[in-house]
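Each chain is listed here by its residues.
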Protein chains: 2
Amino acid sequence: MMKIVITGVSGFVGDYLIKHILTEEPDVQILGLDAVAPRWKYGAAVACRQVDLLDRDRTEGLLRDIKPDCIIHLASFSSVADSWKDPIRSFKNNTNIFLNLLEIVHALQLQCRILSIGSSEEYGIVKDGDLPLRESMSLNPVSPYAVARVAQEQLSAIYAKGFSMDIVCTRSFNHIGPGQPDKFVVSSIGKQFAEIKRGLRETLYIGSTGIIRDFLDVRDVVRAYYLLVKKGARGEVYNICSGRGISIGELIDMFSETSGISPAAEVRAELQRPVENPKIIGSYEKINAHVGWQPEITLRESIKDIYEYWLSATAATGEQQK
Amino acid sequence: MMKIVITGVSGFVGDYLIKHILTEEPDVQILGLDAVAPRWKYGAAVACRQVDLLDRDRTEGLLRDIKPDCIIHLASFSSVADSWKDPIRSFKNNTNIFLNLLEIVHALQLQCRILSIGSSEEYGIVKDGDLPLRESMSLNPVSPYAVARVAQEQLSAIYAKGFSMDIVCTRSFNHIGPGQPDKFVVSSIGKQFAEIKRGLRETLYIGSTGIIRDFLDVRDVVRAYYLLVKKGARGEVYNICSGRGISIGELIDMFSETSGISPAAEVRAELQRPVENPKIIGSYEKINAHVGWQPEITLRESIKDIYEYWLSATAATGEQQK
């Protein structure tokens, strides 16, 4: 039986990941860890514990008990925008928690693979000619969040080399999907479209419409994570991305098509960041070559599902407000 | 009157820096901060406070009171070897304390220059053809200490750009000089030579003799720091180095010449590191062009002063042991 620890399990990605693993690996034991209480119940194969990963003793005790075959480290303070508002918290809940985890695995001499989730933000701002981003490119972080992620990846490399630990790293590009918190841009736009459709608001508030990102459905993301756990090459770093760049303006157009409404939009300064990366597009050639992964869900499908998720969620809110 | 805050003031470099500033800038007020009590007294121009830089409230209060024109951030957990033994402590006392300091200066809106001390270790292992190391080269840290320093420098760049803060960064190469703790290699060798000379031991314990480093006298280092505070270009990064590479074997030969003894040497595994950078040599062309700095103290002078320092120190020990 495979024993898997998932940190940050109560987050947006955790729920999708658990469901995917339970489908792919029926004989599995999962221990989910998170600073907040679990949001769902999954049956006997999944146990969840509330723990602060900065609490080394408690985390060490939990890992000593389960002796996992693998740790999928989703836990993160993952908002770039919030990292500008609270860089200290962002740093602690990205780099420091990960370093704690490495130290625990090293101290316990656990023979387990660690999947370290990183971010496309690590690349920073590059020239158009250097797109799509490839894993061999240098890292030039331009936000507190990105610095914390670069440090995490560099620590992975050092523990892999210095202590012969089995670590695989990702640079995951922007995730989207139903259930994502609305502080992330696509979810925020989807929620606002649903609210406008329901007559709960009139205007769409946005940050920059021109910035271009490589958005990937969370269901494709968790499939990549599981493949990397099973077949990724030790010590390697993998982009997980769609390979296509979409501007926020184009996304808004797609939500308009899906919802059948075209609301007025207002650019709000508070939704902009001190330094904005204009364009992030990745290449998934490496992960495709190593483990055969490629994205399967189209952006149009993702947008439709996100919009419908928010329509349901705002229906409930609408009811309450009546 | 210029008001200067020096963090990590009780360390090896702090004492030299204070003396240099008091000579160069008679009308100055210095506030020294350190986690440990000050080791010396300097007169009315210098006040020292014991404070943990992770204690944000207390540190913020001290900076609010003095409103410095500049902060020279020497505080660091600066041993590469110790960073392999206690990576968490190394990370907290490099990156986290620096991020706290940035956040405090930002929150208080202090109009002050920050001199952020970094390390040659940030460069990592490079091909011989890429030596000497220049500031434009990419960073590839190979120890926990080096990762922490890279994160510190990247955070500097982000606060400089995102919040228009006045930050100058160094990549300081290996310092040497009288009074340096003996956990650093040159000081350790100097101390052992003095002990052997005094008949307190017979054999010299060393790590790797082949590794090559760029050693610079601490008195040249503090002169560079002060010049960068006064004349360095905002947002820039500067190597501070001698420009020449010396192997540990050559250093031992120089101590032999200086002391007139040639002890047996024994390579000890515990003095080696999981990943060792074979060769670090820097270029000081940029700092020379920008502020006119160049090293003035020869390696032979440094070695002589270090040996004589340890001869005095071990004399005292020898007396006690009698």
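Cut-offs and rules
Residues numbered from 1 in each chain as written. Chains lettered and ligands numbered in written order. Predicted model: local features only at pLDDT ≥ 70, side-chain atom pairs only at ≥ 80, totals over all residues. Helix = DSSP H or I, 4+ residues; strand = E, 2+ residues; numbered from the N terminus. Expected span 1.5 Å × (residues − 1). Bend = angle between axes of the 7 residues up to and from the residue. Buried ≥ 20, exposed ≤ 12 C-beta atoms within 10 Å, placed from the backbone. Least-squares fit on C-alpha atoms with pLDDT ≥ 70 in both. Contact = placed C-beta atoms within 7 Å. Domains from an automatic or database assignment. Pairing = 2+ DSSP bridges. Axes fitted to C-alpha atoms, helices over the stretch in contact; angles between N-to-C directions. pLDDT = per-residue confidence, 0-100. Nonpolar A, V, L, I, M, F, W, Y, C, P; charged D, E, K, R; others polar. Parallel < 35°, antiparallel > 145°, perpendicular 65-115°, else oblique. Core = buried A, V, L, I, M, F, W, Y, C linked by C-beta atoms within 7 Å.

## Description of helix α4 (residues 87-108) of chain B
Residue and element names in this part refer to chain B.
- Here α4 contains 22 residues, and its C-alpha end-to-end distance of 31 Å stays within 8% of the 32 Å for a straight helix at 1.5 Å per residue.
- The sharpest bend along α4 comes to roughly 30 degrees, located at Asn-93.
- With respect to burial, α4 is a largely interior element, 16 of its 22 residues being buried.
- In the stretch just after α4, Gln-109 is the one whose phi turns positive, near 55 degrees.

## As for the relation of the copies chain A and chain B
- Mapping chain A onto chain B calls for a screw motion: a turn of 180 degrees about the axis and a shift of 0.0 Å along it, with 0.0 Å RMSD after fitting. Read as a symmetry element, the transformation amounts to a two-fold axis. In terms of C-alpha distance to the rotation axis, chain A has Ala-151 of chain A as its closest residue, with the C-alpha 3.1 Å off the axis.
- Interface overlap between copies is the fraction of interface residues in one copy that are interface residues in the other; for chain A against chain B it reaches 100%, indicating a shared surface.

## Considerations on the domain arrangement of chain A
Residue and element names in this part refer to chain A.
- The domain architecture assigned to chain A consists of domain 1 (2-176 + 215-240) and domain 2 (185-212 + 244-278 + 298-321).
- Each of domain 1 and domain 2 has a C-alpha centre, and these two points are 28 Å apart.
- Taken together, the contact pairs ten residues of domain 1 with ten residues of domain 2.
- No other element matches the three residues that helix α3 (residues 80-85) contributes to the side of domain 1 that touches domain 2.

## Notes on the sheet that holds strand β3 (residues 46-50) of chain B
All names here are of chain B.
- The strand order across the open sheet built from seven strands is β3-β2-β1-β4-β5-β6-β11, with neighbouring strands paired in parallel fashion. Two strands in the sheet have a free side with no partner beyond their single neighbour: β3 and β11 (237-240). Strand-to-strand, the axes of this sheet are offset by a mean angle of 20 degrees, without reference to chain direction.
- With five bridges connecting them, strand β2 (residues 28-34) and β3 associate as parallel partners. Within β3, the position partnered with Leu-31 by the bridge is Ala-47.
- Taken strand by strand, helix α5 (residues 144-162) contacts β5 (113-119), β6 (166-172) and β11, and its axis lies near 155 degrees from that of β5.

## Quick look at the confidence of the model for chain A
- For chain A, the mean per-residue pLDDT works out to 94, and 98% of the residues sit at or above 70.
- The ipTM for the predicted assembly is 0.89, set against a pTM of 0.91.

## Points about the interface of chain A and chain B
- Chain A puts 24 residues into the contact, and the matching count from chain B is 24 residues.
- Residue contributions to the side of chain A that touches chain B peak at nine residues, all from helix α5 (residues 144-162) of chain A.
- Here the residues of the side of chain A that touches chain B are counted per class, giving 16 nonpolar, six polar and two charged.

## Let's talk about the packing of α4 of chain B against α5 of chain B
All names here are of chain B.
- Axis separation between α4 and α5 bottoms out at 8 Å; the angle between their running directions is 10 degrees. Taken together, the axes of α4 and α5 lie roughly parallel to each other. Contacts from Pro-87, Ser-90, Phe-91, Asn-94, Thr-95, Phe-98, Leu-99, Leu-102 and His-106 in α4 reach Pro-144, Tyr-145, Ala-148, Arg-149, Ala-151, Gln-152, Leu-155 and Tyr-159 in α5.
- Here the residues of the contact of α4 with α5 sort into eleven nonpolar, five polar and one charged.

## As for the nonpolar core
- With 180 residues, the main nonpolar core has Leu-17, Ile-72 and Tyr-225 of chain A together with Leu-17, Ile-72 and Tyr-225 of chain B as its most contacted residues.
- Leaving out residues up to four positions away in the same chain, Tyr-225 of chain B has contacts with Leu-17, Ile-72 and Leu-115 of chain B.

## A word on unusual backbone geometry
Residues and elements named next belong to chain A.
- A cis amide bond, omega 0 degrees, links Leu-131 with the succeeding residue Pro-132.
- For Pro-132, the position within the fold is in the loop between β5 (113-119) and α5.
- We note that Lys-67 has phi near 45 degrees; this positive angle belongs to a residue other than glycine.
- By the element assignment, Lys-67 lies in the loop between α2 (56-66) and β4 (70-73).
- The phi dihedral of Ser-164 is positive, around 50 degrees, even though this residue is not glycine.
- Relative to the helices and strands, Ser-164 resides in the loop between α5 and β6 (166-172).
- Look at Ser-164 and you get exposed, because 11 C-beta atoms sit within 10 Å.

## Topic: helix α1 (residues 12-24) of chain B
- For α1 of chain B, the set of buried residues is Phe-12, Val-13, Gly-14, Tyr-16, Leu-17, Ile-18 and Ile-21 of chain B.
- Those residues of α1 of chain B that are buried are in contact with β1 (2-7), β2, β3, β4 (70-73), β7 (175-176) and α7 (218-231) of chain B.

## Concerning the sheet that holds strand β1 (residues 2-7) of chain A
Residue and element names in this part refer to chain A.
- Strand order in the open sheet formed by seven strands is β3-β2-β1-β4-β5-β6-β11, and the pairing between neighbours is parallel. On the outer flanks of this sheet lie β3 (46-50) and β11 (237-240), each paired with one strand and no other. Neighbour-to-neighbour, the strand axes of the sheet open up by a mean angle of 20 degrees, direction not taken into account.
- In this fold helix α1 (residues 12-24) packs onto β1, β2 (28-34), β3 and β4, with an angle of close to 175 degrees to the strand it touches most, β2.

## Some remarks on the environment of Ile-88 of chain B
- Take Ile-88 of chain B: it is sitting in helix α4.
- When the C-alpha positions of Ile-88 of chain B and Ala-148 of chain B are compared, they lie 10.0 Å apart, and in sequence the two are 60 residues distant.
- If sequence neighbours within four positions are ignored, Ile-88 of chain B has contacts with Leu-99, Asn-100 and Glu-103 of chain A.

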